[in-house]
Each structure stands twice: as structure tokens, then as C-alpha cells.
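Coordinate analysis (summary)
For reference, the chains in residue letters:
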Amino acid sequence: QVQFVQSGGGLGQPGGSLRLSCAASGSIFSIAAMGWYRQAPGKQRELVAEITSGGSSNYADSVKGRFTISRDNAKNTVYLQMNSLKPEDTAVYYCNAKNVRTAIHRYLEAWGQGTLVTVSS
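Residues numbered from 1 in each chain as written. Predicted model: local features only at pLDDT ≥ 70, side-chain atom pairs only at ≥ 80, totals over all residues. Heavy atoms only, no water.

Let us now look at the sheet that holds strand E8 (residues 77-82). Strand order in this open sheet of four strands is E1-E3-E8-E7, and the pairing throughout is antiparallel. The outermost strands of the open sheet, each flanked by one partner alone, are strand E1 (3-8) and strand E7 (67-72). Each neighbouring strand pair of the sheet contributes to a mean axis angle of 15 degrees, computed without reference to strand direction. Relative to E8, E7 is paired through six bridges, and the arrangement is antiparallel. Across the sheet, Phe 67 pairs through a bridge with Met 82, a residue of E8. (Pairing = 2+ DSSP bridges. Helix = DSSP H or I, 4+ residues; strand = E, 2+ residues; numbered from the N terminus. Axes fitted to C-alpha atoms, helices over the stretch in contact; angles between N-to-C directions.)

What follows is about the packing of aromatic side chains. Pairs of aromatic rings are described using the distance from one ring centre to the other and the angle between the two planes. For the structure shown, the criterion picks out one aromatic pair. Ring geometry for Tyr 37 and Trp 111: centres 5.0 Å apart, planes at 65 degrees, overall edge-to-face. Pair noted here: Tyr 37 is in strand E4 (residues 28-39) and Trp 111 is in strand E10 (residues 106-111), with a separation of 74 residues, a long-range link. Look at Tyr 37 and you get buried, because its relative accessible area is 14%. Residue classification places Trp 111 among the partly exposed residues on the basis of a relative accessible area of 33%. The cationic tip of Arg 45 hangs over the ring face of Tyr 94; the distance from NZ or CZ to the ring centre is 3.7 Å. In this structure, Arg 45 packs its charged tip against the face of Trp 111, placed 4.6 Å from the ring centre. (Phe/Tyr/Trp six-rings, centres within 6.5 Å; stacked < 30°, edge-to-face > 60°. Buried < 20%, exposed > 50% of the residue type's maximum accessible area, 1.4 Å probe, protein only. Lys NZ or Arg CZ within 6 Å of the ring centre and 35° of its normal.)

A word on the pattern of salt bridges. Inspection of the entire model under this criterion finds six salt bridges. Of the charged contacts, one joins Lys 98 and Glu 109 as a salt bridge, the two residues approaching to 3.6 Å between their closest N and O atoms. With Lys 98 in strand E9 (residues 91-102) and Glu 109 in strand E10, this pair connects stretches of sequence that are 11 residues apart. Given a relative accessible area of 22%, Lys 98 falls into the partly exposed group. Take Glu 109: its relative accessible area is 39%, and that puts it in the partly exposed class. Salt bridges linked by common partners bring Arg 38, Glu 46, Arg 66 and Asp 89 together as one network. (Salt bridge = Lys/Arg side-chain N within 4 Å of Asp/Glu carboxyl O.)

Printed below as a string of C-alpha cells:
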């Protein structure tokens, strides 16, 4: 079973920065893509950013130029550096992993438990 430990988040000020991290564990051989999704109250979950094992990344238009995703393949860890925060960035942020190969199973998709990010003065 794939498990995630998410950290970071909390309260950030408009224009400020926060950093999220997510470490996956569970006898993992490889993870094709890792990323972050978010869900604001009353809204659907949406992709924020995603990065492949080869380092290719894509971002939601709303965060381009402000957020940076990075990944440490050796540690099965993904990071999200969030700069120039806006109140509309307030949401629960979920770590996501796609095509996870472990010692006993292949998971098409797995999710972290979520962490709340609140942007407010």
C-alpha cells in the first residue's frame, strides 16, 4: 500500500510564500508522475501542478509564474513552492501520484490525505 506524508501549508499572507512537501512510501520502485491538486470550498478538485519522473512539468494557468513544482525521485518526494500567494489559493491541497509501481502491486493513482492552505491577512 502506498502511503503519503504531507507537510507544510497552514496560514500564508497575500503576497507571501509557503512550501508543501509530500513523501511517498511503501516499497516503491517507481512513480511516473507526482503532483498537487487542490479543492476549494464548494468547488471541484483541480490540478495545480504535476511533474514526471523525467522532470517535465505542467501548471494550471492560475499558478503559472507563482508556483514551482520539484521532485526528488530518490526520496519519492514532491515539493510545491508557492510564491505571491493570493486569497484564491486558499484550498485543501492533495498530493497525487500516478502509475506507482511497488514490490507487490501497480497503482494507477494514489492520493495523500490533504493539507489546508489558507491565504489571508
